[in-house]
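A look at the structure
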Amino acid sequence: MSGNVLKLGIPKGSLEEATCNLFAKAGYTIKIKSRSYFPTIDDDEIECMLIRAQEIARYVENGVLDAGLTGKDWVQENRADVVEIADLVYSKTSSRPVRWVLAVPNDSSIQSVKDLQGKRIATEAVNMTVDYLKKHGVTAEVEFSWGATEVKPPKLVDAIVEITETGSSLRANNLRIVETLMESNTKFVMNKDAFANPWKKQKVERLVLMLRSAMAANGQVGLMMNVPKDKLDEVMKVLPEGKKPTIAELTDPNWMDLTVILEEKLVREIAPDLKAIGVEDIVEYSINKIIH
């Protein structure tokens, strides 16, 4: 314990569970108590605060937080002057970036952003939408939406700008996507003064290393097997190109122990081929982190 503390913003809401799961895979246990905005973490040098992702960039910029996890979209929406440390591509349901899209009712005559001239748009991302309209030379009324944005067209507004991962909610509300304004993913951001502090900068770099390592392990597994020594070249041809497995001698001089890390979905494709060659005792195991 150094006596220094890093004030870290954890996104509350849709990213909350995914963020805690990512930290857990990285070796950090975050516990969130009911009605508390100050989660505990098993690192005495980190002090967590639970804040809506929409606000984290602003609090990082003004120094209330030293660092935080928020979306690229909310950095842009708040026009926050922060240091972007790393991209962490994860979300509440997948590892794909989310999209901010312009959507209209299925039977709307609007086909492009140009058709929004003089129209009314509802969105939570007002600045982003205004900037997009300005970029395309369109003047329209943009109003802030407090929620349930998908149900507002066509009675309350002509179009919406909304965030989506799969588009299922938009389709369920009889809306179609016209254009994508931007793709967004989670970013680890820092306050500029905190970034200039050697201890805080190093603390964040070490934390980000472990978070990235946990993400790198997503979808990866380890595969152990016993390989006949005279079949080793055939086994190497079955493994994905570029893999560098660990190979060790066994007590039986005619056999080798081989361990390799690869994508989990590949196991079902190559395991039968390995068995056909004569490989025995194939064991698949999970991996929490891959530290590059």
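That block above? That's the structure.
Before going into details, it helps to say that this report is about the structure given with it.

**A closer look at helix α1 (residues 16–26)**
- What α1 keeps buried is the set E16, A18, T19, C20, L22, F23 and A26.
- G27 lies just past α1 and shows a positive phi near 105 degrees.

**A word on the sheet that holds strand β1 (residues 6–12)**
- What the five strands build is an open sheet, ordered β4-β1-β5-β12-β6; its pairing is mixed. In the strand order of this sheet, the two ends are held by β4 (46–52) and β6 (83–88), each with one partner. Recorded for the sheet is a direction-independent mean angle of 30 degrees between the axes of neighbouring strands.
- In this structure, β1 lies alongside β4, joined through seven bridges in parallel fashion. Paired with K7 across the strands is E47, a residue of β4.
- Here helix α7 (residues 198–216) sits on the sheet in contact with β1, β4, β5 (67–71), β6 and β12 (186–190), set at roughly 15 degrees to β6.

**Regarding the sheet that holds strand β16 (residues 280–286)**
- On the basis of which strands lie adjacent, the open sheet formed by four strands has the order β14-β15-β13-β16 and antiparallel pairing. A strand with exactly one partner marks an edge of an open sheet, and here the two such strands are β14 (246–249) and β16. Here the strands of the sheet are splayed against their neighbours by 15 degrees on average, with no regard to which way each runs.
- Pairing between strand β13 (residues 220–228) and strand β15 (residues 255–263): nine bridges, direction antiparallel. When the sheet's bridge partners are listed, P228 is paired in β15 with W255.

**Observations regarding unusual backbone geometry**
- Cis geometry is adopted by the peptide bond preceding P154, which originates at P153 and carries an omega value of 0 degrees.
- Of note, P154 is situated in the loop between β9 (141–144) and β10 (159–164).
- Although it is not a glycine, A148 adopts a positive phi angle of roughly 50 degrees.

**Quick word on the environment of Y37**
- Mapped onto the secondary structure, Y37 falls in the loop between β2 (30–31) and β3 (40–41).
- The exposure class of Y37 is partly exposed, given its relative accessible area of 44%.
- Measuring from C-alpha to C-alpha, the distance between Y37 and D233 comes to 57 Å, with 196 residues separating the pair along the chain.
- Not counting chain neighbours up to four residues away, the residues in contact with Y37 comprise K12, C48, M49 and L50.

Cut-offs applied
Residues numbered from 1 in each chain as written. Predicted model: local features only at pLDDT ≥ 70, side-chain atom pairs only at ≥ 80, totals over all residues. Heavy atoms only, no water. Buried < 20%, exposed > 50% of the residue type's maximum accessible area, 1.4 Å probe, protein only. Helix = DSSP H or I, 4+ residues; strand = E, 2+ residues; numbered from the N terminus. Pairing = 2+ DSSP bridges. Axes fitted to C-alpha atoms, helices over the stretch in contact; angles between N-to-C directions. Contact = heavy atoms within 4.5 Å.

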